[in-house]
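Inside the fold
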Amino acid sequence: MNTAGHWPSVGVVVPTRNRPELLARAVEGIVAQDYPGPVRTIVVFDQHDPDATLCRGGDRPLDVLPNLRKPGLAGARNTGIVALDTDLVAFCDDDDAWTPTKLRRQVHALQQRPQAEFCTAAIEVEFGDRLTPRLAGASLVGLDDLVRSRMSMLHSSTFLVRRFVFAGDEMGLVAEDAPGSQNEDWDLLLRAAKRGEIVHVDEPLVRVLWGRTSMFAYEYATKMASLRWMMTRHPEIAGSGTGAGRVYGQLACWSAASGNRRDAWLWTKAAMRSNWREPRAAIALAAVTGMVKVESVLGALHRRGHGI
């Protein structure tokens, strides 16, 4: 892969569900890459029939498939992964768009570290008419970093992975048992970081669309179930005061948003025991007492490129 002048082949997996206009933008960004090597795209249609008119040949071939695995984002990703025979696998969600240099910059970063298996990049958040860059401030990301914080700038649409790690006894495929296919990206990052540091290109190479286009924007019960799943799957999160406080604070906020005052109080207390400075605990308290609505706070944070 690292010989001079050789550019590895890249397979791009694009899961989609009933968003043809956004999908067209995502595909356009992939086709427009200035990457010199082979690029193949597989669009996986989840829970609806594939649009065969998207198929194309040439030096940027695109194929379509139905989700052949468990319905949901994780199953759709895995359908695409197992259909590929490329050196590298990249993800792009159907509501996101790559900048033209995305693949070339990330492949170059991987080539500089031959032992690395996983590469991410910074993002630019699009919310309404606002664009906000989200940088990590680092070129390498380790397990401790991801335990303390989800590091949302390490978005799934920036993932570039050596394909062999998805197979056999290596890292394995995307977790299809994640509730609602939520936090499967954080889980994948943690599993990757347990194998070695993640290479990160700290430039906004992907534009990520936030807001009501998300399939999970207001599914509070699913959000909470996926966070509890993560705590069980990765016990080191509970062992980190900062990491546990953040997750407990999120659980408090989503409980408050769903109207469950009792659980909101319990999770708020847990968050403050883990980290008394946890800001999400204060948000949850304000929501429980009727001072604010979680949705209002979330909207204000999204306008600044952040989430709860």
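Since the model is a prediction, treat every value here as computed from it, not as a measurement.

So, on to the nonpolar core. Val12, Phe91, Phe118, Leu146 and Leu160 are the most contacted members of the largest nonpolar core, which totals 93 residues. With nine residues, helix 7 (residues 241-257) is the largest single contributor of residues to this core. Apart from residues no more than four positions distant in its own chain, Phe118 is found in contact with Leu110, Phe159, Leu160, Val161, Met171, Leu188, Leu189, Ala192, Ile198 and Val199.

Among the seven residues in strand 1 (residues 10-16), seven count as buried, and that is most of the element. Alternating residues of strand 1 divide into Val10, Val12, Val14 and Thr16 and Gly11, Val13 and Pro15, and every residue in both groups is buried. As paired elements, strand 1 and strand 2 (residues 39-45) share seven bridges and run parallel to each other. Paired with Val13 across the strands is Ile42, a residue of strand 2. In this region the chain leaves strand 1, passes through helix 1 (residues 20-31) and returns to the parallel neighbour strand 2; the handedness of that crossover is right-handed. As paired elements, strand 1 and strand 4 (residues 88-91) share four bridges and run parallel to each other. Within the sheet, the bridge partner assigned to Val13 lies in strand 4 and is Phe91.

Below, the discussion takes up the environment of Gly75. With respect to the helices and strands, the residue Gly75 is situated in helix 2 (residues 73-83). For Gly75, a relative accessible area of 2% gives the class buried. Put simply, Gly75 and His108 are 33 residues apart on the chain and 29 Å apart in space, counted from C-alpha to C-alpha. Among all residues touching Gly75, those that are not within four sequence positions of it are Asn67, Arg69, Lys70 and Glu176.

Between the first and last C-alpha of helix 7 there are 24 Å, a value that for 17 residues agrees with the 24 Å anticipated at 1.5 Å per step. For helix 7, the tally of buried residues reaches 15 of 17 residues, placing the bulk of the element in the interior.

Below, the discussion takes up the packing of helix 8 (residues 261-274) against helix 9 (residues 279-288). The relative placement of two packed helices is expressed as an angle between their axes plus a distance between the axes. Put simply, helix 8 and helix 9 touch, their axes get as near as 9 Å, and they point 155° apart. The orientation of helix 8 with respect to helix 9, classified from their angle, is roughly antiparallel. Regarding helix 8 and helix 9, the two cross each other, and that crossing is left-handed. Of the residues in helix 9, those in contact with Arg261, Ala264, Trp265, Thr268, Ala271 and Met272 of helix 8 are Ala281, Ala284, Leu285 and Val288. Within the contact of helix 8 with helix 9, the residues separate by chemical class into eight nonpolar, one polar and one charged.

The next subject is helix 2. Judged by how many residues are buried, helix 2 sits mostly within the fold: nine of eleven residues are covered. For helix 2, every residue scored as buried is listed here: Leu73, Ala74, Gly75, Ala76, Arg77, Asn78, Thr79, Gly80 and Ile81. Contacts from the buried residues of helix 2 go to strand 1, strand 2, strand 3 (62-66), strand 4 and helix 5 (184-195).

Counting buried residues along strand 2, six of its seven residues qualify, which places the element largely inside the surrounding structure. Across five bridges, the pairing between strand 2 and strand 3 is parallel. Bridge pairing in strand 3 links Ile42 to Asp63.

Turning our attention to the packing of aromatic side chains. Using the criterion set out here, one finds six aromatic pairs in the structure. An angle of 20° between the planes, with centres 5.6 Å apart, marks the rings of Tyr248 and Trp267 as stacked. Highlighted residues: Tyr248 in helix 7 and Trp267 in helix 8, separated in sequence by 19 residues. Judged by its relative accessible area of 17%, Tyr248 is buried. Overall, the relative accessible area of 22% leaves Trp267 in the partly exposed class. Clustering of aromatic rings is evident, with ring pairs tying together Phe91, Phe118, Phe159 and Phe166. Lys223 extends its terminal NZ or CZ atom over the ring of Trp254, reaching a point 4.9 Å from the ring centre.

Cut-off values and rules
- Note that residues are indexed from 1 along each chain, following the sequence as it is written.
- With pLDDT at 70 or above as the cut-off, local features in this predicted model cover only qualifying residues; side-chain atom pairs require 80 or more to be listed or tallied, and sums for whole chains, interfaces and linings still use all residues.
- Only heavy atoms go into the side-chain values, all of them from the structure, while hydrogens and water stay out.
- As used here, the term nonpolar core means buried Ala, Val, Leu, Ile, Met, Phe, Trp, Tyr and Cys residues forming a set that is joined through side-chain atoms within 4.5 Å.
- For each residue, the accessible area found with a 1.4 Å probe, counting protein chains only, is set against the maximum for its type, and the residue is called buried under 20%, exposed over 50%, and partly exposed in between.
- Helix and strand labels come from DSSP, where a helix needs a run of H or I of at least four residues and a strand needs a run of E of at least two; each type is numbered from the N terminus.
- Whether two residues are in contact is decided by their heavy atoms: any pair within 4.5 Å suffices.
- A pair of strands counts as paired when DSSP detects no fewer than two bridges linking them.
- Handedness of a crossover is defined as follows: orient the strands so they point away from the viewer, and if the path from the first strand over the helix to the second runs clockwise, the crossover is right-handed.
- The span expected for a helix works out to 1.5 Å for each residue beyond the first.
- Note on geometry: axes are lines fitted to C-alpha atoms, helical ones only across the stretch in contact, with angles between N-to-C directions running from 0 to 180 degrees.
- Angle categories: roughly parallel below 35 degrees, roughly antiparallel above 145, roughly perpendicular from 65 to 115, and oblique for all the rest.
- Left-handed is the label given to a crossing in which the near helix is rotated counterclockwise from the far helix by less than a right angle, and right-handed is the label when the rotation is clockwise.
- Charged residues are taken to be Asp, Glu, Lys and Arg, nonpolar residues to be Ala, Val, Leu, Ile, Met, Phe, Trp, Tyr, Cys and Pro, and polar residues to be all remaining types, Gly included.
- Pairing of aromatic rings covers Phe, Tyr and the six-membered ring of Trp, with a centre-to-centre limit of 6.5 Å; geometry is then stacked below 30 degrees between planes, edge-to-face above 60, and tilted otherwise.
- Only lysine NZ and arginine CZ atoms are considered, and such an atom sits over a ring when it is within 6 Å of the ring centre and within 35 degrees of the ring normal.

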